[in-house]
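Chain by chain, the residues run as shown.
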Amino acid sequence: MDLLALADFNLVARHGGFGKAAREAGRPKATLSRRVAELEASLDLRLFERGARSLKLTEEGHALFERTGLLLTELEETTTAIASGGHTARGRLRISAPLLFSQTAMGKLAAGFALRHPQVRLEITAEDRAVDMIEEAYDLVIRVNPEPDATLVGRIFLRDRLVIVASPNLPFPNDGGPVPAVTRGSMQQTETWSLTTPSGPSTMLVKPVLSLSSLLMVRDAVCAGAGAARLPLSLVSPDLAAGTLVHGGDVEGPEIALWALYPTRRLLSARVSAFLDYLREAFPRGTPDELAAYVGA
């Protein structure tokens with residue numbers, strides 16, 4: 001397929017007519033008309049319905065425009081970046097990030113990055129599922145403790161840990177019975193939480209009384225006195241400092257590590273490099289307190 005003819009077809013389709021496309025591009029109308037006609041002949045398809053005063057995409061033309069417009073834009077951005085040395089961040093940057101991190105920090109991060117790099121079209125999707133970066137055309141994903149993947153490389157930019165917290169007004173059973181708890185996900189009749197306190201390892205028997213799908217909802221329910229919960233330290237640091245929550249111990253287990261990942265099959269683009277640098281600048285130490293301060297600033 002003739003890429004130049006395809007580009008001319010997209011130009012006409014985007015502007016809705018040969019005359020307007022010719023004026024915008026500074027090219028002869030007859031040339032654009034001939035190129036589109038040649039493309040139609042090569043595909044054996046009619047791409048436009050030509051009326052006396054109007055031009056309308058056919059169903060096939062609409063499908064071709066939808067599927068090739070973005071590809072041609074990416075090709076143009078790639079050649080422009082190569083011609084300029086590839087050092088300027090520009091073009092579309094698609095990122096998938098965990099729900100909690102997106103809700104607490106990503107809005108501020110995205111705004112700051114967009115102001116610094118106005119030539120980048122930043123698109124962020126908040127989701128906890130493990131997306132397929134190649135199939136779904138993501139440039140970068142942020143994930144919590146991701147499974148090893150030979151097709152991805154990346155770096156840890158934040159570390160956190162789970163702590164057990166409760167309202168200072170939560171009534172604890174006097175008979176050593178289970179403590180009311182707020183959980184994320186499925187509820188059991190009773191659970192045993194392993195924790196570490198200043199006096200050493202310990203366990204806590206809990207009885208889930210609420211099951212919520214969001215850690216932000218869990219924190220709010222705990223602050224309201226519904227029960228104890230296991231939550232990231234960065235999420236509850238302000239409440240612990242204010243005394244609205246008390247620290248019951250650290251949860252035993254691996255730390256929480258937030259990774260920025262990207263495919264190894266592609267060279268690292270200037271826009272991905274710019275976003276990684278921005279993450280490093282926002283969280284130079286990568287600690288829970290640093291994330292809490294960033295969110296609360």
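Described below are features of the structure shown in this document. (Residues numbered from 1 in each chain as written. Predicted model: local features only at pLDDT ≥ 70, side-chain atom pairs only at ≥ 80, totals over all residues. Heavy atoms only, no water.)

## Examining the overall build of the chain
Point 1. Within the chain, the secondary structure is distributed over 9 helices and 13 strands.
Point 2. Over its C-alpha trace the chain gives a radius of gyration of 27 Å, far above what one expects of a compact globule, namely 19 Å for 297 residues.
Point 3. When each of the 297 residues of the chain is scored for burial, the buried share is 41%.
Point 4. Taking the contacts inside the chain whose residues are at least 6 apart along the sequence as the reference set, 71% of them involve residues at least 24 apart.
Point 5. Surface summary for the chain: the accessible area is close to 16,400 Å², and the carbon and sulfur share equals 54%.
Point 6. With 32 positive and 34 negative side-chain charges, the chain shows a separation of 7 Å between the mean positions of the two kinds. (Helix = DSSP H or I, 4+ residues; strand = E, 2+ residues; numbered from the N terminus. Rg over C-alpha atoms; globule rule 2.2 N^0.38 Å. Buried < 20%, exposed > 50% of the residue type's maximum accessible area, 1.4 Å probe, protein only. Contact = heavy atoms within 4.5 Å. Areas by Shrake-Rupley, 256 points an atom, 1.4 Å probe, with all protein chains shown as cover. Lys, Arg positive; Asp, Glu negative; His and termini not counted. Charge placed at Lys NZ, Arg CZ, Asp CG, Glu CD.)

## With respect to the sheet that holds strand β12 (residues 246–251)
Point 1. Spatially, β8-β10-β9-β12-β7-β11 is the arrangement adopted by the 6 strands of the open sheet, whose pairing is mixed. Every interior strand has two partners, whereas the edge strands, β8 (179–184) and β11 (229–232), have only one. With strand direction ignored, the average angle separating the axes of adjacent strands in the sheet is 55 degrees.
Point 2. Where strand β9 (residues 191–197) and β12 come together, 2 bridges link them in antiparallel fashion. Bridging across to β12, T196 finds its partner in D250.
Point 3. Running at roughly 105 degrees to β11, helix α7 (residues 233–242) makes contact with β7 (162–166), β11 and β12 of the sheet. (Pairing = 2+ DSSP bridges. Axes fitted to C-alpha atoms, helices over the stretch in contact; angles between N-to-C directions.)

## Details of the sheet that holds strand β4 (residues 120–126)
Within a beta sheet, neighbouring strands are joined by backbone hydrogen bonds and run either parallel or antiparallel to one another.
Point 1. Taken in spatial order, the 5 strands make up an open sheet running β4-β3-β5-β13-β6, and their pairing is mixed. Bordering the open sheet on either side are β4 and β6 (152–160), each of which pairs with just one other strand. Strand after strand, the sheet turns through a mean of 20 degrees between neighbouring axes, direction not considered.
Point 2. Relative to strand β5 (residues 140–144), strand β3 (residues 91–97) runs parallel, the two being bridged by 2 bridges. The residue bridging I95 from the neighbouring strand is L140, located in β5.
Point 3. Sheet strands in contact with helix α8 (residues 270–282) are β3, β4, β5, β6 and β13 (256–263), and its direction is about 50 degrees off that of β3.

## Side note on unusual backbone geometry
Point 1. The residue D44 is not glycine, and still its phi comes out positive at about 55 degrees.
Point 2. Given a relative accessible area of 68%, D44 falls into the exposed group.
Point 3. Although it is not a glycine, N145 adopts a positive phi angle of roughly 40 degrees.

## Digging into the packing of helix α1 (residues 3–15) against helix α2 (residues 18–25)
Point 1. Their axes nearest at 8 Å, the elements α1 and α2 cross at an angle of 110 degrees. Accordingly, the angle class assigned to the pair α1 and α2 is roughly perpendicular. Note that α1 runs across α2; the crossing there is right-handed. For the pair α1 and α2, contact is made by L11, V12 and H15 and by F18, K20, A21, E24 and A25, respectively.
Point 2. The residue makeup of the contact of α1 with α2, split by class, is 5 nonpolar, 1 polar and 2 charged. (Parallel < 35°, antiparallel > 145°, perpendicular 65-115°, else oblique. Left-handed = near helix turned anticlockwise from the far one by under 90°. Nonpolar A, V, L, I, M, F, W, Y, C, P; charged D, E, K, R; others polar.)

## Focus: helix α5 (residues 99–116)
Point 1. Here α5 is 18 residues long and its end C-alpha atoms lie 24 Å apart, about the 26 Å a rise of 1.5 Å per residue gives.
Point 2. Bending of α5 peaks at approximately 60 degrees at the position of A105.
Point 3. Every buried residue of α5 is listed here: F101, S102, A105, M106, L109, A110, G112 and F113. (Expected span 1.5 Å × (residues − 1). Bend = angle between axes of the 7 residues up to and from the residue.)

## Concerning the pattern of salt bridges
Point 1. Throughout the structure, instances matching the rule amount to 17 salt bridges.
Point 2. In this structure, the salt-bridge partner of R285 is E290, at a minimum N-O distance of 3.8 Å.
Point 3. Owing to a relative accessible area of 10%, E290 belongs among the buried residues under this scheme.
Point 4. Each of D8, R27 and R35 takes part in salt bridges that share partners, so that together they form one network. (Salt bridge = Lys/Arg side-chain N within 4 Å of Asp/Glu carboxyl O.)

None of this, on its own, says anything about what the molecule does.
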